[in-house]
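Secondary and tertiary structure notes
What follows is the residue order along each chain.
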Amino acid sequence: MQRKSLGLVALLAIPGLFLGLIFTMLLLLAPAKPAVASCGPAVSVVIDGNTKVEGYTAEQLKNAAAIMGAGKALNLSVKGQMISVMVALGESGLRVLDHGDGPGPDSRGLFQQRDNGAWGSYADRMNPATSATNFIKALQGVPGWELLEPTLAGNKVQRNADPYHYQKYWPEAVKLVQALSNSKFSLEGSGCTVPGQSGAGDDYPWKNSPTWMQVGANTASTSPLGMYFRECVDFALWRVNQQMGSTSAPFKFLNSTFRPDGQQLGSALTWKAGWDAKGWPTGTTPRVGAVVWYAPGAGGADPTFGHVAVVKEVKDNGTYVEEGYNGNPPPNDHSYYTRTVASNVPSAFLYLPTQEEKK
């Protein structure tokens, strides 16, 4: 058993407020058997008269299967299938409705598609397979839909007033696609992540910027991402932006805008909650590029604020190499570090959107 000493700081990432302690923690590198999972292309549908999913009628299941089948025919990823089912749940409850609503009195079918020529004839809109095919083609035509939260991807097609209307239907969509598929999969702990690009070592853009300890907790110590310079959270959020193609201002993911509910992403303490609020997957398997999340006290992390880092490399012996900032005691705090950690030490790994979907 190996033992490695390191320090962790978790700074409350709201300019004007700061808390943190630097201390030593012990990581016991007990090898953990890595999980094997993948997030492949669209799954095929398996459904017959005996197929049952609690809370759904045979008609609803048949319609969900039609949507999945349309996705399979168009080589849509499994996440795309789930988005399609999610939207149909949010629009019609997976029923072929022959009526619309106040904002769209001419809306019809599973996806409540309008009579504006974009969705085919009345018969097309009332046909589950045809309406699903037309929805999926429109989804595939949205630039970068693979990198959007599921509800936002659906909204880009449907253009309804509330972009987060579909968010509450996502868990049910996942359940249905899993229940009706010919293969079992899970977004948690799976390979459904962005292909990890851990950068070229210490490529953090603000490595020479002053810390809050040097100039105080103010704008002079605050990065363009809304975190304090050279803190663990700022480096990790930089890596998130970098992997998602946002490497210069204006950055896509900020402390103040990451979460859809208006709350700040904040200190390491609340990062797991931020991922959950955003609908991004988490799990217990290290993937290159994933954010490493230590809950307070986990593996010796700060008992109040925890710590975040990034997976740089995954080894085949149950360990991974993590990289980050502010993970060592003075005088090496607020600087770049790497270390080898057992895969079962962190509280969770926070993944980015699906690997196979990033085209």
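Predicted model only: the values in this text are computed from it and were never measured.

Here we come to the layout of surface pockets. In this structure, the largest pocket spans a volume of roughly 500 Å³. Around the largest pocket, the lining comprises 24 residues; the ones closest to its centre are E91, Q112, Q158, R159 and N160. Partitioning the lining of the largest pocket into residue classes produces nine nonpolar, nine polar and six charged.

Let us now look at helix α9 (residues 271-278). Those residues of α9 not exposed but buried are W271, G274, W275, A277 and K278. On an axial view of α9, the arc spanned by its buried residues comes to 160 degrees, and they lie on one face. Where α9 ends, the next residue or the one after it, G279, has phi of about 80 degrees, a positive value.

All right, on to the packing of helix α2 (residues 78-92) against helix α5 (residues 150-158) then. Orientation of α2 relative to α5, taken along the N-to-C sense of each, is 65 degrees, at an axis distance of 10 Å. It follows that α2 is roughly perpendicular to α5 by the angle criterion. Remark: the crossing between α2 and α5 carries right-handed chirality. Of the residues in α5, those in contact with K79, I83, M86, V87 and E91 of α2 are P150, T151, A153, G154 and Q158. Per-class residue counts for the contact of α2 with α5 are five nonpolar, three polar and two charged.

Moving on, we come to the confidence of the model for the chain. In this model, the chain carries an average pLDDT of 81, and 80% of its residues clear a pLDDT of 70 or more. For the chain, strand β2 (residues 24-28) is the element with the lowest average pLDDT, namely 32, and helix α3 (residues 122-126) is the one with the highest, namely 97. This stretch, residues 1-40, has a pLDDT under 50; its non-local contacts, to residues over four places away or in other chains, come to 132 contacts. Within the model, the stretch residues 187-197 combines pLDDT values under 50 with 58 contacts to residues more than four positions away or in other chains.

This structure, assessed with the given rule, holds 18 aromatic pairs. Seen from their ring centres, W238 and F251 are 6.4 Å apart, and the 85 degrees between their planes marks the pair as edge-to-face. Of the two residues, W238 sits in helix α8 (residues 232-243) while F251 sits in the loop between α8 and α9, which places them 13 residues apart along the sequence. F251 matches W238 in its accessibility class, with the two residues each being buried. Through a chain of ring-to-ring contacts, the aromatic side chains of Y204, W206, F229, F235, W238, F251, Y325 and Y336 assemble into a single cluster.

About the criteria used
Residues numbered from 1 in each chain as written. Predicted model: local features only at pLDDT ≥ 70, side-chain atom pairs only at ≥ 80, totals over all residues. Heavy atoms only, no water. 1 Å grid on protein atoms, 1.4 Å probe; cavity = no way out; pocket = protein on both sides within 12 Å on 5 of 7 lines; lining within 4 Å. Points joined across faces, edges and corners; volume = space filled by probe spheres on them. Nonpolar A, V, L, I, M, F, W, Y, C, P; charged D, E, K, R; others polar. Buried < 20%, exposed > 50% of the residue type's maximum accessible area, 1.4 Å probe, protein only. Helix = DSSP H or I, 4+ residues; strand = E, 2+ residues; numbered from the N terminus. Arc of directions from axis to C-beta. Axes fitted to C-alpha atoms, helices over the stretch in contact; angles between N-to-C directions. Parallel < 35°, antiparallel > 145°, perpendicular 65-115°, else oblique. Left-handed = near helix turned anticlockwise from the far one by under 90°. Contact = heavy atoms within 4.5 Å. pLDDT = per-residue confidence, 0-100. Phe/Tyr/Trp six-rings, centres within 6.5 Å; stacked < 30°, edge-to-face > 60°.

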